[in-house]
Amino acid sequence: MDPSLGTDQFKMQVSADGSIVISSSTNTSSVRNIALSALTQLLERFGDTLPVGTHVGKTPRYQYRGFMLDLARHFHDKEVIKRQLELMWRYRLNSLHLHLTDDESWAIEIEDIPELTMYGSRQCFNLSECGNYPQLGRELTNSKQYLSKSEYIEIVQFADSLDITVIPEIELPGHATAAIQAMKIRHQNSSPGDVDYRLHDPLNDADYLSVQYFTQGAMNPCVDSMYTFVQTVVENLQAYHEEAGQPLNIIHLAGDEVPENAWTNSPACEKIISTLGVDATNQDKVNTIRIEMTKKLGIMAGELNVSLAFWEDGLINKTSTLPMDRDLVFPANVTVYSWIWQTVWEWWGGDRAFNMANSGYKVVMAPATRYYMDHPHEPHPRERGYYWAVRSTSLRRTFSFRPGNYYANIDGVTLYGNPVTQKQWCTPWKCPELVNKENIVGVEAPLFGETIQTADNIDNNVYPRLLAVAERSWSEASWEKLGGENPPGLQEDFDLFRQSVEMFEVPALEKIHSVKYHLSPPGASVIEEDESMQMLQFSVEFKGQGVLVRKEGSDQLTDATDLTLEYTKGTQVFFRTRNNDASRHSYEIPYYVPGKSKSKTTNPANHATNSGVALALVFLPTFYMM
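Just so we're clear, the structure is a prediction, and the values are computed from it rather than from any experiment.

1. Topic: the overall build of the protein chain
Point 1. Looking only at helices and strands, the protein chain has 17 helices and 22 strands in total.
Point 2. What you see for the protein chain is a C-alpha radius of gyration of 26 Å, in line with the 25 Å of a compact globule of 626 residues.
Point 3. With respect to the three principal axes, the spread of C-alpha positions in the protein chain is 80 × 65 × 55 Å.
Point 4. The buried share of the protein chain, reckoned over its 626 residues, is 59%.
Point 5. Of the accessible surface of the protein chain, which amounts to about 25,300 Å², a share of 49% is contributed by carbon and sulfur atoms.
Point 6. For the protein chain, the separation between the mean place of its 54 positive charges and that of its 79 negative charges on side chains is 5 Å.

The structure is reproduced here in structure tokens:
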């Protein structure tokens, strides 16, 4: 034991005889796993010739270092999840957020309400038999598309062995089409005396759409059966966690994207509005109902001794656009977390992160424009992912997020490519200062699953970008305190990081974990030219990768020698990047070799320079930066 060390910090002493002694200030499973993860990576790099001396790891920057996996849009089984847990352990991430339910399906067995998976986990063309119509290219199948109780418990146990906390998310009141439909079917088949779990007001004839164009997809918080349902679900999950040996400390209840007119024609809600004496617009009525619902959820959480988490819009008072009053809405004994995603600055809402923290909420930063793993790596139509928040998110863009200097992240361009600066946007927002710094507790990289159909898709969209999230969760760089889109020191740090990923992590991802990480197409420059030919020099994101070339009308792939090739003018060629062992390649980039013009430089896909080559603050925890 070494009391001089900080929380989750360790010291590793390597002797000339090969013996290794690891010490820390506390003998917790957390610091043991952090030290073992670091030692594993060092042994991979140095074998049995570890550098002799004393190496001190860093204290983690944030207590919450998370990754979110969506199982509701497209289902991923327990083995896929356990593999992600192993990778999270490698990169010292300690929280797995499982997005278990959404409009498309319900992906977790609830023992006391079997209809949720009997109907809600399935998609079909007859809604008397399932939770929703076929969505997002999901295969119609009778195979199980949810985690059973035993599988979920196995996942939690495995995560606990790696000192990773599992946080289940149950979407409410919005994003609930599958659950609502399943409970309708259950009620139709029920017998007298059965518990009522209906999630809608049968007399509500409101015709509304969610932002994803689902109809009737919001639970109705004015019917008591909704709270019976929620409490039953949470109690079942608590029991699963108890059996797994990891108590359920946080339940994520989402709260996001509720259609504004979801309950405006509900007699049950009109009764509540009348009782409260609210005489206002539909928006004010809906806002009042949301606040009353959140109060009831807070009381339930207090009784069940569990903390609550919501996406930021689930905690916003829509009338004032400020956070709901923490002390008026929630009991004092309930910790409440706000997941901050809104960093599309021109949509406003950029004040929410610090307003939430200053209002007493614990804040986890999950910025859509930097950390959403379902967005594409590059601005190309062949890239997988949505781009509603930002056209693309390169490895460098992920790496450069500044959680502690939040408004500095404004600098750059809007979603549509227009210049935007912190000075320009902070004037109308008045960008509040962060007073309660201790309430910024962590960061998370969410992977929503609309386009993520397979385990290979997970690999492609998450890696290597998750490594940059891990880096920021672990260490604060000096350039983070500076303003501007490219502050001094950022590029140097990114180059070190990229070199570390290139030398150590890309090989480990492929050879040890069989990860099919994203391959960026090559860039190219004209280095020599005459009237009949061009000599192109290629660039790739990571050393060891190569370039495959195909000529128009041919299926034959040629490996570019020394990343240079000569081409006849007036022809079209196609380039792709291959991985280190030539077992995979990127999509193709076409290039027409001009017949007359003599442009000096051509970049058919300047991805390599956009992504930068690859610091090792988290992967080699600053052992050699002492």
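Okay, back to it.
2. Focus: helix α16 (residues 490–511)
Point 1. Taking 1.5 Å per residue as the helical rise, α16 with its 22 residues ought to reach 32 Å, and the 30 Å between its terminal C-alpha atoms agrees with that figure.
Point 2. Within α16, the axis deviates most sharply at Glu-502, by approximately 45 degrees.

3. Focus on the state of the cysteines
Point 1. Counting across every chain of the model gives 3 disulfides.
Point 2. Across the disulfide from Cys-222 sits Cys-269; the S-S distance is 2.1 Å. The sign of the 100 degrees torsion about the S-S bond sets the Cys-222-Cys-269 disulfide as right-handed. Of the two residues, Cys-222 is situated in the loop between α5 (177–188) and α6 (224–244) and Cys-269 in helix α7 (residues 267–276); the sequence distance between them amounts to 47 residues.
Point 3. The buried category is assigned to Cys-269, whose relative accessible area is 1%.
Point 4. Note on cysteine connectivity: Cys-426 is disulfide-linked to Cys-431, with sulfurs 2.1 Å apart. Between Cys-426 and Cys-431 the sulfur-sulfur dihedral comes to about -95 degrees; the bridge is accordingly left-handed.

4. Structural notes on the sheet that holds strand β18 (residues 546–551)
Point 1. In space, the 4 strands of this open sheet follow the order β19-β18-β21-β22, with antiparallel pairing throughout. Strands at the two margins of the open sheet, each flanked by one partner only, are β19 (558–559) and β22 (589–592).
Point 2. Bridge count between strand β21 (residues 572–578) and β22: 4 bridges; the pairing is antiparallel. Bridging across to β22, Phe-575 finds its partner in Ile-589.

5. Brief notes about a negative patch on the surface
Point 1. On the surface, Glu-528, Asp-530, Glu-531 and Glu-566 cluster together into a patch of negative charge.
Point 2. Among the structural elements, Glu-528 can be located in strand β16 (residues 523–529).

6. Brief notes about the layout of surface pockets
Point 1. Its boundaries defined by the atoms lining it, the largest pocket holds a volume of some 820 Å³.
Point 2. Residue lining of the largest pocket: 34 residues in total, with Val-211, Gln-212, Glu-257, Asp-313 and Trp-341 positioned closest to the centre.
Point 3. Among the residues forming the lining of the largest pocket, the class breakdown is 13 nonpolar, 8 polar and 13 charged.
Point 4. Its boundaries defined by the atoms lining it, the second largest pocket holds a volume of some 610 Å³.

7. Let's talk about the packing of helix α2 (residues 78–90) against helix α4 (residues 149–161)
Point 1. As a packed pair, α2 and α4 sit with axes 10 Å apart at the nearest point and diverge in direction by 10 degrees. If you check the angle between α2 and α4, you find them roughly parallel. The residues of α4 that touch α2, namely those facing Lys-78, Ile-81, Lys-82, Leu-85 and Glu-86, are Glu-151, Glu-154, Ile-155, Phe-158 and Ala-159.
Point 2. Residues that form the contact of α2 with α4 fall into these classes: 5 nonpolar, no polar and 5 charged.

8. What to know about the sheet that holds β16
Point 1. Reading across the sheet, the 3 strands line up as β16-β17-β20 and stay open at both edges, with antiparallel pairing between neighbours. Looking along the sheet, the strands with just one partner apiece sit at the ends: β16 and β20 (564–568). On average, each strand axis in the sheet is inclined to that of its neighbour by 35 degrees, with strand direction left out of account.
Point 2. The pairing of β16 with strand β17 (residues 533–539) spans 6 bridges and is antiparallel. The residue bridging Val-526 from the neighbouring strand is Leu-536, located in β17.

9. A few points about the pattern of salt bridges
Point 1. In this structure the tally under the stated criterion is 29 salt bridges.
Point 2. We note a salt bridge from Arg-90 to Glu-505, for which the minimum N-O separation is 2.9 Å. Taken together, the residues span a long stretch of sequence, with Arg-90 in helix α2 and Glu-505 in helix α16 at a distance of 415 residues.
Point 3. Judged by its relative accessible area of 4%, Arg-90 falls in the buried class.
Point 4. Ionic pairing is found between Lys-295 and Glu-292, a salt bridge with its closest N-O pair at 3.5 Å. Of this pair, Lys-295 and Glu-292 both sit in helix α8 (residues 282–304), 3 residues apart, which is roughly one turn of that helix.

10. Digging into unusual backbone geometry
Point 1. Residues Leu-172 and Pro-173 are joined by a peptide bond in cis, for which omega reads -10 degrees.
Point 2. Tracing the backbone through its elements, the reader meets Pro-173 in the loop between β6 (165–172) and α5.
Point 3. Here the bond from Tyr-463 into Pro-464 is cis, since omega is 10 degrees, no more than 30 degrees from zero.
Point 4. The residue Pro-464 is located in the loop between α14 (455–462) and α15 (465–474) in this model.
Point 5. Positive phi values are uncommon outside glycine, yet Arg-92 reaches one of about 60 degrees.
Point 6. Residue position: Arg-92 is located in the loop between α2 and β5 (95–99).

11. Re the packing of α4 against α6
Point 1. Contact geometry of α4 with α6 gives a least axis separation of 9 Å together with a crossing angle of 50 degrees. One finds that α4 runs oblique with respect to α6. In this structure, the crossing between α4 and α6 has a hand that is right-handed. Taking contact as the criterion, the partners of Lys-149, Tyr-152, Ile-153, Val-156 and Gln-157 in α4 are, on α6, Leu-237, Tyr-240, His-241, Glu-243 and Ala-244.
Point 2. Counted by class, the contact of α4 with α6 contains 6 nonpolar, 2 polar and 2 charged residues.

Conventions used here
- Residues numbered from 1 in each chain as written.
- Predicted model: local features only at pLDDT ≥ 70, side-chain atom pairs only at ≥ 80, totals over all residues.
- Heavy atoms only, no water.
- Helix = DSSP H or I, 4+ residues; strand = E, 2+ residues; numbered from the N terminus.
- Rg over C-alpha atoms; globule rule 2.2 N^0.38 Å.
- Buried < 20%, exposed > 50% of the residue type's maximum accessible area, 1.4 Å probe, protein only.
- Areas by Shrake-Rupley, 256 points an atom, 1.4 Å probe, with all protein chains shown as cover.
- Lys, Arg positive; Asp, Glu negative; His and termini not counted.
- Charge placed at Lys NZ, Arg CZ, Asp CG, Glu CD.
- Expected span 1.5 Å × (residues − 1).
- Bend = angle between axes of the 7 residues up to and from the residue.
- Disulfide = S-S within 2.5 Å.
- Pairing = 2+ DSSP bridges.
- Patch = residues over 30% accessible without salt bridge, like charges linked within 9 Å, V, L, I, M, F, W, Y side chains within 5 Å.
- Salt bridge = Lys/Arg side-chain N within 4 Å of Asp/Glu carboxyl O.
- 1 Å grid on protein atoms, 1.4 Å probe; cavity = no way out; pocket = protein on both sides within 12 Å on 5 of 7 lines; lining within 4 Å.
- Points joined across faces, edges and corners; volume = space filled by probe spheres on them.
- Nonpolar A, V, L, I, M, F, W, Y, C, P; charged D, E, K, R; others polar.
- Axes fitted to C-alpha atoms, helices over the stretch in contact; angles between N-to-C directions.
- Parallel < 35°, antiparallel > 145°, perpendicular 65-115°, else oblique.
- Contact = heavy atoms within 4.5 Å.
- Left-handed = near helix turned anticlockwise from the far one by under 90°.

The analysis is restricted to geometry; functional conclusions fall outside its scope.
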